[in-house]
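Now for the letters of each chain:
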Amino acid sequence: MTSLPSLPTPKKLGLVIDLDTCVGCHACVVSCKEWNTGGYGSALSDQDPYGADVSGAWLNRVHSFEVVPEGGEVVGEAGQARIVHFPKSCLHCEDAPCVTVCPTGASYKRSADGIVLVDEDKCIGCGLCAWACPYGAREMDLAAGVMKKCTLCIDRIYNETLEEVDRVPSCVRTCPANARHFGDLGDPNSAVSILVAERGGMDLMPEQGTKPVNKYLPPRPRKSLAESAHTLPLAENTEGAKGFFAWLDGMLDRI
């Protein structure tokens with residue numbers, strides 16, 4: 001089996017995902033697929049992409065949920081219904097069970113920055129890491145016969161030939177809603193750590209004890225539609241209306 005780094009990693013590179021601003025557009029999903037198909041490791045394959053039984057390897061997926069308002073048993077009770085879009089990929093856990101279960105050393109955690117990776121030359125496709133991951137964040141590439149996962153675009157973030165603004169994961173660079181943030185969560189003064197502290201960032205399924213590096217920012221409370229609506233005073237009469245408004249007033253009188 002594979003061992004985790006003996007000492008805490010000096011850096012904890014990871015993502016902070018804002019569930020309040022994510023609109024579920026899947027731009028991050030498509031960008032991730034495109035970049036990783038031509039970047040680090042072998043291409044991400046698809047099986048029968050235009051057929052009835054489509055499957056493929058995606059390192060980032062977005063799930064959407066309809067949330068029941070607090071105090072209501074049925075959507076719409078005690079408030080209005082709400083859709084929350086939930087992006088999910090590898091969380092680069094500090095105590096990563098996918099690493100310790102790997103029989104060949106293919107799955108490993110980097111000691112320099114905490115990124116969890118798969119050495120595809122060592123992977124035998126046994127799937128033990130996928131069974132061990134409580135988040136379902138690993139994908140078996142059926143064409144390559146190896147396990148795939150989010151790499152935090154390691155071939156981008158350290159690539160000095162790219163402009164500095166582009167040295168972030170593809171999903172972060174692509175997000176049109178600015179719902180995805182990248183940085184060192186081991187540095188309490190980093191922008192992502194400050195964001196987590198200010199917004200009450202949360203671990204996903206902390207009861208699993210995996211200590212995920214990635215954090216989620218919870219949706220902000222919403223006002224009800226009635227509270228948010230701006231009421232306009234109704235005109236007592238329409239005398240003196242001219243042009244289009246006079247015509248409209250006449251048409252409405254006939255209804």
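Let me begin by describing the structure that accompanies this report. (Residues numbered from 1 in each chain as written. Predicted model: local features only at pLDDT ≥ 70, side-chain atom pairs only at ≥ 80, totals over all residues. Heavy atoms only, no water.)

## Digging into the overall build of the protein chain
Reasoning step 1: On a plain count of helices and strands, the protein chain comes out with eight helices and eleven strands.
Reasoning step 2: Among the 255 residues that make up the protein chain, the fraction classed as buried is 38%.
Reasoning step 3: Accessible area of the protein chain: about 14,800 Å², with a carbon and sulfur share of 56%. (Helix = DSSP H or I, 4+ residues; strand = E, 2+ residues; numbered from the N terminus. Buried < 20%, exposed > 50% of the residue type's maximum accessible area, 1.4 Å probe, protein only. Areas by Shrake-Rupley, 256 points an atom, 1.4 Å probe, with all protein chains shown as cover.)

## Some words on the sheet that holds strand β10 (residues 180–184)
Reasoning step 1: Here three strands make up an open sheet; going across it, the order is β10-β1-β11 and the pairing mixed. Each edge of the open sheet is held by one strand with a lone partner, namely β10 and β11 (215–217). Put simply, the sheet's adjacent strands are angled 25° from each other on average, direction ignored.
Reasoning step 2: Pairing of strand β1 (residues 13–18) with β10 involves five bridges; the strand directions are antiparallel. Bridge pairing in β10 places G14 opposite G183.
Reasoning step 3: This element, helix α6 (residues 191–199), spans β1, β10 and β11 of the sheet and lies at about 120° to β10. (Pairing = 2+ DSSP bridges. Axes fitted to C-alpha atoms, helices over the stretch in contact; angles between N-to-C directions. Contact = heavy atoms within 4.5 Å.)

## With respect to unusual backbone geometry
Reasoning step 1: One non-glycine residue, L152, lies in positive phi territory at about 55°.
Reasoning step 2: In this structure, L152 sits in the loop between β9 (146–148) and α4 (154–157).
Reasoning step 3: Positioned with a positive phi, M205 is a non-glycine residue whose angle comes to about 50°.
Reasoning step 4: Tracing the backbone through its elements, the reader meets M205 in the loop between α6 and β11.
Reasoning step 5: Assessed through its relative accessible area of 28%, M205 is described here as partly exposed.

## Brief notes about the packing of aromatic side chains
Reasoning step 1: The tally for this structure, following the rule as stated, stands at one aromatic pair.
Reasoning step 2: Seen in terms of ring centroids, F86 and Y216 are 4.7 Å apart; in terms of plane orientation they differ by 15°. Their pairing is stacked. Placement of the pair is F86 in strand β5 (residues 82–88) and Y216 in strand β11, with a sequence separation of 130 residues.
Reasoning step 3: Y216 sits in the buried class, given a relative accessible area of 3%.
Reasoning step 4: The ring centre of W58 lies 4.5 Å from the NZ or CZ of K33, which sits over that ring.
Reasoning step 5: Over the aromatic face of W35 sits the side chain of R156, whose NZ or CZ is 4.6 Å from the ring centroid. (Phe/Tyr/Trp six-rings, centres within 6.5 Å; stacked < 30°, edge-to-face > 60°. Lys NZ or Arg CZ within 6 Å of the ring centre and 35° of its normal.)

## Digging into the pairing of β1
Reasoning step 1: Of all six residues that make up β1, six are buried, and the element is covered over most of its length.
Reasoning step 2: Side-chain alternation along β1 places L13, L15 and I17 on one buried face and G14, V16 and D18 on a second face that is also buried.
Reasoning step 3: Where β1 and β11 come together, three bridges link them in parallel fashion. Bridging across to β11, I17 finds its partner in Y216.

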